[in-house]
Amino acid sequence: KAGVTQTPRYLIKTRGQQVTLSCSPISGHRSVSWYQQTPGQGLQFLFEYFSETQRNKGNFPGRFSGRQFSNSRSEMNVSTLELGDSALYLCASSLAVQGPGEQYFGPGTRLTVT
Amino acid sequence: GENVEQHPSTLSVQEGDSAVIKCTYSDSASNYFPWYKQELGKRPQLIIDIRSNVGEKKDQRIAVTLNKTAKHFSLHITETQPEDSAVYFCAATPVPNPKGGGNKLTFGTGTQLKVEL
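Let me sum up the structure you'll find in this document. Remember, it's a predicted structure, so these values are computed and weren't measured experimentally.

The rules behind each value
- Residues numbered from 1 in each chain as written.
- Chains lettered and ligands numbered in written order.
- Predicted model: local features only at pLDDT ≥ 70, side-chain atom pairs only at ≥ 80, totals over all residues.
- Heavy atoms only, no water.
- Helix = DSSP H or I, 4+ residues; strand = E, 2+ residues; numbered from the N terminus.
- Rg over C-alpha atoms; globule rule 2.2 N^0.38 Å.
- Buried < 20%, exposed > 50% of the residue type's maximum accessible area, 1.4 Å probe, protein only.
- Contact = heavy atoms within 4.5 Å.
- Areas by Shrake-Rupley, 256 points an atom, 1.4 Å probe, with all protein chains shown as cover.
- Lys, Arg positive; Asp, Glu negative; His and termini not counted.
- Charge placed at Lys NZ, Arg CZ, Asp CG, Glu CD.
- Core = buried A, V, L, I, M, F, W, Y, C linked by side-chain atoms within 4.5 Å.

**Quick notes on the overall build of chain A**
Helix and strand counts for chain A come out as zero helices and eleven strands. Taken over the C-alpha trace, chain A has a radius of gyration of 13 Å; the compact-globule value for 114 residues is 13 Å, and the two agree within 12%. Across its three principal axes, chain A shows a C-alpha extent of roughly 40 × 25 × 25 Å. When burial is assessed residue by residue, chain A has 53% of its 114 residues classed as buried. A fraction of 54% describes how many contacts in chain A between residues 6 or more apart in sequence connect residues 24 or more apart. Counting only carbon and sulfur atoms, one obtains 49% of the accessible surface of chain A, whose full area is about 5,200 Å². Of note, chain A has its 11 positive side-chain charges centred 4 Å away from the centre of its 6 negative side-chain charges.

Shown next, in the form of structure tokens:
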């Protein structure tokens, strides 16, 4: 089976712009979670989607949003980018319906905000 | 919410020695505890996990122990090899939310393990 894929792998944006990141889960996985990884804050949970519904949310401002499509692919959007949004954004998919269960990570999207 | 503390932040061992990384969690409702290995520039990889109804789990050179009473769990790597060098993260997940389901992971701050020849 193909693993979790993310596009694009690298992005450079300017403050104030918005960005959309994409994640394709492992085939059959309906849960997709997003995490932000930075040297200072480590790995932090953004949100989780299951069957096109957000069912868990972390402590990030409303500028961070996401959605999931009927094929379980997920996107996250960050509006009005700030320098502090520079990070590696990872998505993870899980087969577990009720959870918690094994999560498998994608390679990440490296976002740089200048 | 859940808080996970991880120690040590760096660990250096000689090849062949054992390595132990410890984590504590705050939410007694947490019931799933995975460990991830992240090599430089790569994605976190699940290496072992344990659920709250089990006290210990082994997979070849890797083992995880869980003490629910003390709310801590540990990763044990025996016969370390240079390829074990990486950052290791522990994580905890509470029981599914009332709406049904949940895969939210709260991570520790990571341990940089270096295995020296």
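**Quick notes on the nonpolar core**
Residues Trp35, Phe73, Leu75, Tyr88 and Leu113 of chain B are the most contacted members of the largest nonpolar core, which totals 24 residues. Mapped onto this core, the elements with two or more residues apiece are β2 (10-14), β3 (19-25), β4 (30-38), β5 (45-51), β7 (62-67), β8 (72-77), β9 (86-94) and β11 (111-116) of chain B. For tyrosine 88 of chain B, the contacting residues outside a window of four places in its chain are Gln6, Ile21, Tyr36, Lys37, Ile47, Leu75, Ile77, Gly110, Thr111 and Leu113 of chain B. Core analysis: the next-biggest nonpolar cluster, separate from the first, contains 21 residues, Phe60, Leu81, Ala87 and Cys91 of chain A among them.

By themselves, these are just geometric observations and shouldn't be taken as functional.
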